[in-house]
Amino acid sequence: MWLLLPILLYSVIFLAVRHIYSHWRRKGFPSERAGISWSFLHQAYRREFRHVEAICEAYQTGRDRLLGIYCFFRPVLIVRNVELAQTILQQSNGHFNDLKWDYVKGYRRFNLLEKLSPIFATKRLSEMFGHVQRVGDHLTAHLLHLEQAQGGALELDLQQMLRVYAINITGNLIYGLDVNNFEQKDHILSSYVSAGHGSLQSFTLSRLPQKSSFTYRLRDLIKQGVEHREEHGLIRKDILQLLIRFRNGNDICGDKWQIDMDNEQDKLLSIKRVAKVAEELLKVSLDSVSSNITLTLFEILQEPLIVEKLQTEIKELSIENGLLKFEELEGLKYMDMCLKETVRKYPPLPIIERICRKSYTLPNTKFTIDEGKTLMVPLLAIHRDERYFSEPMKYKPLRFLHTEKSAECQSNAFIGFGIGGAQCVGQNFAKMVIKVALIKLLQNFHLELDAALVENLEISHQPAPFIRTKDGLKVRLKRREIKPKFYN
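Keep in mind that this is a model prediction, so the values were computed, not measured.

K.L.:
If you had to explain the sheet that holds strand S11 (residues 445-449) to someone new, which residues and values would you point to?
P.N.:
If you trace the three strands from one edge of the open sheet to the other, you get S5-S14-S11, paired in antiparallel fashion. The open sheet has two free edges, formed respectively by strand S5 (154-157) and S11, since each of these has just one partner strand. Neighbour to neighbour, the strand axes of the sheet diverge by 30° on average, direction disregarded. Here S5 pairs with strand S14 (residues 474-479) via four bridges, running antiparallel. Directly across from Asp 157, in S14, lies its bridge partner Lys 474. Running over the sheet, helix H8 (residues 158-173) touches S5 and S14 and is turned about 65° from S5. Its contacts with the sheet put helix H16 (residues 427-444) on S11 and S14, and the angle it makes with S11 is roughly 95°.

K.L.:
Any chance you could break down the UniProt feature "binding site: heme" (unreviewed entry) in the chain for me, citing the residues and the numbers?
P.N.:
Here the UniProt-annotated "binding site: heme" (unreviewed entry) positions come out as Cys 424. A residue is classified by how much of its surface remains accessible, and Cys 424, at 34% relative accessible area, is partly exposed.

K.L.:
Which residues make up the pairing of strand S2 (residues 74-79), and what values go with them?
P.N.:
Across the six residues of S2, six count as buried, placing the element largely inside the fold. The pairing of strand S1 (residues 66-71) with S2 spans six bridges and is antiparallel. Bridge pairing links Ile 69 to Val 76 in S2. Taking the residues that link successive antiparallel strands as the turn, the S1-S2 hairpin has two residues, and the phi of Phe 72 there is positive, at about 60°. The pairing of S2 with strand S10 (residues 374-377) spans three bridges and is classified as parallel. Within S10, the position partnered with Ile 78 by the bridge is Met 376.

K.L.:
So, the sheet that holds S10: which residues are in play, and what are the values?
P.N.:
Judged by pairing direction, the sheet is mixed, and its four strands sit side by side in the order S1-S2-S10-S7 without closing on themselves. Both outer strands of the open sheet, S1 and strand S7 (352-355), are each paired with one neighbouring strand and no more. With strand direction ignored, the average angle separating the axes of adjacent strands in the sheet is 30°. Of the pairings in the sheet, the one linking S7 to S10 comprises four bridges and is antiparallel in character.

K.L.:
Explain the pattern of salt bridges to me, and be specific about the residues and the numbers.
P.N.:
Scanning all chains against the criterion turns up 22 salt bridges. Each member of the salt-bridge network shares a partner with another, and the members are Arg 134, Asp 178, Arg 229, Arg 236 and Asp 238.

K.L.:
Kindly report on the packing of helix H10 (residues 213-232) against helix H11 (residues 239-247), identifying the contributing residues and their values.
P.N.:
Where H10 meets H11, the closest approach of the two axes is 11 Å, and the angle between their N-to-C directions is 70°. Of the possible angle classes, the one that applies to H10 and H11 is roughly perpendicular. Seen along the crossing, H10 lies across H11 with a hand that is right-handed. Each of Ile 222, Gly 225, Val 226, Arg 229 and Glu 230 in H10 lies in contact with H11, whose residues at this interface are Leu 240, Gln 241, Ile 244 and Arg 247. Tallied by class, the residues present in the contact of H10 with H11 amount to four nonpolar, two polar and three charged.

K.L.:
Please give an account of the packing of aromatic side chains that cites residues and values.
P.N.:
Summed over the entire model, instances satisfying the criterion amount to seven aromatic pairs. Pairing Phe 29 with Phe 367 gives two aromatic rings, centres 4.5 Å apart and planes at 25°, and the pair type is stacked. Residue Phe 29 is located in the loop between helix H2 (23-27) and helix H3 (38-45), and its partner Phe 367 is located in the loop between strand S8 (360-361) and strand S9 (368-369); the two are separated by 338 residues in the primary sequence. Residue classification places Phe 29 among the buried positions, given a relative accessible area of 5%. Here the aromatic rings of Phe 400 and Phe 414 are separated by 5.1 Å at their centres, their planes lie at 70°, and the arrangement is edge-to-face. Taken together, the residues Phe 400 in the loop between helix H15 (379-383) and H16 and Phe 414 in the loop between H15 and H16 connect sequence positions 14 residues apart. Of the two residues examined, Phe 400 and Phe 414, each falls in the buried class. Each residue in the set Tyr 21, Tyr 70 and Phe 73 is aromatic and connected to the rest through ring pairs, giving one cluster. The aromatic ring of Trp 257 is capped on one face by Arg 124, whose charged end is 4.7 Å from the ring centroid. One residue, Arg 344, lies across the ring of Phe 389, its end atom 5.4 Å from the ring centre.

Rules and cut-offs
- Note that residues are indexed from 1 along each chain, following the sequence as it is written.
- It should be noted that, the model being predicted, local features are given only for residues of pLDDT at least 70 and side-chain atom pairs only at 80 or more, the latter also being counted only at that level, while totals for whole chains, interfaces and linings use all residues.
- Neither water nor hydrogens contribute to the side-chain values; these are computed over all heavy atoms in the structure.
- Strands are labelled as partners when DSSP assigns at least two bridges between them.
- Where helices and strands are cited, they refer to DSSP runs of H or I of at least four residues and of E of at least two residues respectively, numbered from the N terminus.
- To define axes, lines are fitted to C-alpha atoms, for helices over the stretch in contact only, and angles between the resulting N-to-C directions are given on a 0 to 180 degree scale.
- Note on contacts: a residue pair is in contact if any heavy atoms of the two residues lie within 4.5 Å.
- UniProt positions are given in the numbering used here, feature names are shortened, and annotations may be inferred rather than shown by experiment.
- Burial status follows relative accessibility: with a 1.4 Å probe on protein chains alone, a residue under 20% of its type maximum counts as buried, one over 50% as exposed, and anything between as partly exposed.
- Counted as salt bridges are all cases of a side-chain nitrogen of Lys or Arg within 4 Å of a carboxyl oxygen of Asp or Glu.
- To sort the angles, those under 35 degrees are grouped as roughly parallel, those over 145 as roughly antiparallel, those from 65 to 115 as roughly perpendicular, and the leftovers as oblique.
- Helix crossings are classified by the rotation of the near helix relative to the far one: an anticlockwise turn of less than a right angle makes the crossing left-handed, while a clockwise turn makes it right-handed.
- Three classes are used: nonpolar for Ala, Val, Leu, Ile, Met, Phe, Trp, Tyr, Cys and Pro, charged for Asp, Glu, Lys and Arg, and polar for all others, with Gly counted as polar.
- The aromatic pairing rule takes the rings of Phe, Tyr and Trp, using the six-membered ring of Trp, and pairs them if the centres are within 6.5 Å, calling planes under 30 degrees apart stacked, those over 60 edge-to-face and the rest tilted.
- Here, a charge over a ring is recorded when the distance from Lys NZ or Arg CZ to the ring centre is within 6 Å and its angle to the ring normal is within 35 degrees.

So, in structure tokens, the structure goes:
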């Protein structure tokens, strides 16, 4: 009798696993051969399994528009057709919203990210631009100081330096702090970078809450900032100010920065929720901004002609009282093409992943995806598909010149900033921050890549792309100056 119990238990487990791994076959979807290999378990145990690369490999097998795969014990549907992916995410009427940004207040449910999108409007960004310039000046001053102390050309890991730049941007604009982590080595945000925090994701752990002591310390920063501004009516033109306005039911679409307090009205957001929003923005900014600048520099420094074109474009900028003009950033067309090409080759979010909230029949197909199942759009694989982009592994910014007529790429295949409900609302903010960093670096320094780095470079995704090589982006840096145009 007792011998039958383990046999019964193993049989139940076996049948349950077989049921999971036959899901797509039972539903009639094209699917991969299901199974868990010992090599996969070994990689998962040693934390060496790279799910982004695995999804890209799955994308390349076969030509069906849809492919059912299994991520450990989770059925996942990969969409391998750009037009179908766009249709699903643009016209699915809330079937695939990101639950992370869902918010319920009273009897209302809304997407918080959509409500907060006016924070990143051009008018708002132009008024925050002074903070970004100051952070850029901190970067320049720190590098000049290091170069002077070195007494000549300086070698350093620019990837780590740019992560500090990104965290300074976050500290100044999202947490409302006049912080310079190039100098303040003991600040909590400096510790956050050193600890290597980012939006690390995995198939097995992505749904679990990932809290640390940093979460609570960052919440304290938000609590102090919110209470101080609400009690004293302070105005600082940054993202935190607009989050506080939204929390108090104030309109964030206009041009007002003053917080209009109504003590009788319930707050739309608790301080805990504001802190959660701030930390999400911190993770996204730290990953996407630093990786985009790092990999743009890595690519352009291998092409002196591209660097020369960018420096010529920067030289045409006018300066007023030693400051850049926000409206002139839009005129950096060649730099825009470089940033697009970087996002194409190294998308900061290599996979769009959504959970189906209720059963949905996929457009122009006979297939229905069930509630609770995962849908993935592999941006990295699509952006490196020769059907959409010629010579996808070559860095060619000019492929985005007159995209609609270009043989180099199909304009609808470039989805680096997301699709529909998965669109990045902060893309203009990211572009502004990235452009300021590139201007400061190319305007003030000669930059030269370490030759050994190019040969041995290893880029991984976590999920944002980053250089795994021990020395990061090792660059030789020497002072220079582009004399910009001055206007009376």
